[in-house]
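Summary of structural features
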Amino acid sequence: MADHSDDSPAGATCWWTRTGPASVILLLLSFLYNGYYLFGGFPSDDAVFLSLTKRDPLPYSRWLGMWAADMGEILDGLWYFDGTGLKAFFRPLPSIIFEGSVRLLGEWALPLHMFSIVIHGLVAVALFLLVRKLTCRPGLGILAGVFFLSFEDHSMGLGIITMATDAVCVLFVVAALIAHVTWLNKRKPWHLVIALAALWPA
C-alpha cells in the first residue's frame, strides 16, 4: 500500500492539497456552512444538561458523565423521549467539556458552539488525511472532506451543543484509522499504539 505525504516531489501536488492549506480550507468551510449556529444559545436539549450543572449535589458522576444522570422527570416532556432514560451512556469527555465551559465562562453558549464547529471541521480534515493516505490522491481527499461538510445531515446536530458527542467520536475513530493505515505501511509499533489509544476516547 503506497503512502502519500507532504514530502512529495516538487510539483507532484497542488499547494491546496498539502496538509496545512487543506486543513485551513476545510475548517473555514465548516465555519462558512455552520457559522449561524454560533449565536444559537442553549436550545431545549442543552438547557436540560445546563440545569444539571446547577444542582447541588450533582445528579451524575463525573466519571460517567451527564448522560448517565437520572433525567426521567426532565425528559418526559420531550417528544423523542421513550421513558427508558439515558443511564446506558458513558460519556465523560463531552460532559467535562460542557460542564467545564459553564463553570469557567458561565452560561455562554458561543464557545461551545464554536467547539462543535471546529470538531466538525477537524473530522473533515481527518477524512482528507485518511482518503489521501489510502488512495495517494490528495484531490480526492479534499473532495471527501468537502462532501462531508456539505452533507446537511452531518451539520444538523451542530445546533445542539450536546450532540457534539457524535463528532468527537467520529474524529477519534478516523484518527484511529489513519494511525492503523500508517502502521500497515510502516509497521512501527507506536502507530499501532496510537490507533488503539484513539479508540478509547471514541
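Here the structure is shown first, and the text comes after it.
This one's a predicted model, so the numbers in the text were calculated from it and none came from an experiment.

Reading the values: the criteria
- Note on numbering: residues in each chain are counted from 1, in written sequence order.
- Reporting of local features is limited, given that this is a predicted model, to residues whose pLDDT is at least 70; pairs of side-chain atoms are given and counted only at 80 or more, and all residues count toward the totals for whole chains, interfaces and linings.
- Values shown for side chains rest on all heavy atoms present in the structure; no hydrogens or waters enter the calculation.
- By definition, any uninterrupted DSSP run of H or I lasting at least four residues is a helix, any uninterrupted run of E lasting at least two residues is a strand, and each is numbered from the N terminus.
- Relative accessible area decides the class of each residue, using a 1.4 Å probe on protein chains only: under 20% of the type maximum gives buried, over 50% gives exposed, and in between gives partly exposed.
- Working definition of a nonpolar core: buried Ala, Val, Leu, Ile, Met, Phe, Trp, Tyr and Cys residues. They are joined through side-chain atoms within 4.5 Å.
- Here, residues are in contact when the closest pair of their heavy atoms is within 4.5 Å.
- In a helix, the anticipated span is given by 1.5 Å times the number of residues less one.
- Arc definition: it is the arc formed by the directions from the helix axis to the C-beta atoms.
- What makes a salt bridge here is a side-chain nitrogen of Lys or Arg within 4 Å of a carboxyl oxygen of Asp or Glu, nothing more.
- Think of each axis as a best-fit line through the C-alpha atoms, taken over the contacting stretch in the case of a helix, with angles from 0 to 180 degrees between the N-to-C directions.
- Throughout, the term roughly parallel applies to angles under 35 degrees, roughly antiparallel to angles over 145, roughly perpendicular to angles from 65 to 115, and oblique to all others.
- A clockwise turn of the near helix away from the far one marks a right-handed crossing, whereas an anticlockwise turn of less than a right angle marks a left-handed crossing.
- Classes in brief: Ala, Val, Leu, Ile, Met, Phe, Trp, Tyr, Cys and Pro nonpolar; Asp, Glu, Lys and Arg charged; the others, Gly included, polar.

1. Topic: the environment of Pro94
Position of Pro94 relative to the elements: it lies in helix α4 (residues 92–105). A residue is classified by how much of its surface remains accessible, and Pro94, at 17% relative accessible area, is buried. Considered as a pair, Pro94 and Trp67 are 27 residues apart in the sequence and their alpha carbons are 9.5 Å apart.

2. Some words on the nonpolar core
Of all hydrophobic cores here, the largest spans 19 residues; its most connected members are Leu26 and Leu149. Contributions of two or more residues to this core are made by α1 (19–34), α5 (110–135), α6 (138–150) and α8 (164–186). Take this core: its biggest share by element is 7 residues, from α5. For Leu149, the contacting residues outside a window of four places in its chain are Leu26, Leu29, Ser30, Tyr33, His120, Gly121, Ala124 and Ser155. Counting residues in each nonpolar core, the second largest holds 13 residues, with Phe42, Leu52, Trp67 and Val102 among its members.

3. Here's the deal with α1
Under the 1.5 Å per step criterion, the end-to-end length of α1 is 22 Å for 16 residues, consistent within 8% with the ideal 22 Å. Listed as buried for α1 are Ala22, Ser23, Leu26, Leu29, Ser30 and Asn34. Here the buried residues of α1 occupy an arc of 130 degrees about the axis, which is enough to place them on one side. The exposed set on the far side of α1, more than 90 degrees from its buried face, consists of Leu28 and Leu32. Against the buried residues of α1 lie α5, α6 and α7 (152–155).

4. Considerations on unusual backbone geometry
A cis geometry characterises the amide bond from Asp56 onward to Pro57, with omega recorded as 0 degrees. Tracing the backbone through its elements, the reader meets Pro57 in the loop between α2 (44–53) and α3 (72–75). Positive phi outside glycine occurs at Cys136, with the angle close to 60 degrees. Inspection of the secondary structure assignment puts Cys136 in the loop between α5 and α6. A residue is classified by how much of its surface remains accessible, and Cys136, at 30% relative accessible area, is partly exposed. Phi is positive for Arg187, close to 55 degrees, though the residue is something other than glycine. Its location among the elements puts Arg187 in the loop between α8 and α9 (189–199).

5. Structural notes on the pattern of salt bridges
Scanning all chains against the criterion turns up 3 salt bridges. Across the pair Lys54 and Glu107 runs a salt bridge whose closest N-O atoms are separated by 3.0 Å. In this pair, Lys54 sits in the loop between α2 and α3 while Glu107 sits in the loop between α4 and α5, placing the two residues 53 residues apart along the sequence. The pair Lys54 / Glu107 is uniform in exposure class, with both members exposed. Linking Arg62 and Glu99 is a salt bridge whose minimum nitrogen-to-oxygen distance equals 2.5 Å. In this pair, Arg62 sits in the loop between α2 and α3 while Glu99 sits in helix α4, placing the two residues 37 residues apart along the sequence. Accessibility expressed as a relative area gives 48% for Arg62, which makes it partly exposed. A network of salt bridges, in which partner residues are shared, links Arg62, Glu99 and Arg103.

6. What about the packing of α8 against α9?
Running from N to C, α8 and α9 point in directions that differ by 165 degrees, and their axes come no closer than 8 Å. Put simply, α8 runs roughly antiparallel to α9. Here α8 runs over α9; the crossing is left-handed. For the pair α8 and α9, the contacting residues are Phe172, Ala176, Ala179, His180, Thr182, Trp183 and Lys186 in the first and His191, Leu192, Ile194, Ala195, Ala198 and Leu199 in the second. Among the residues making up the contact of α8 with α9, the classes are represented as 9 nonpolar, 3 polar and 1 charged.

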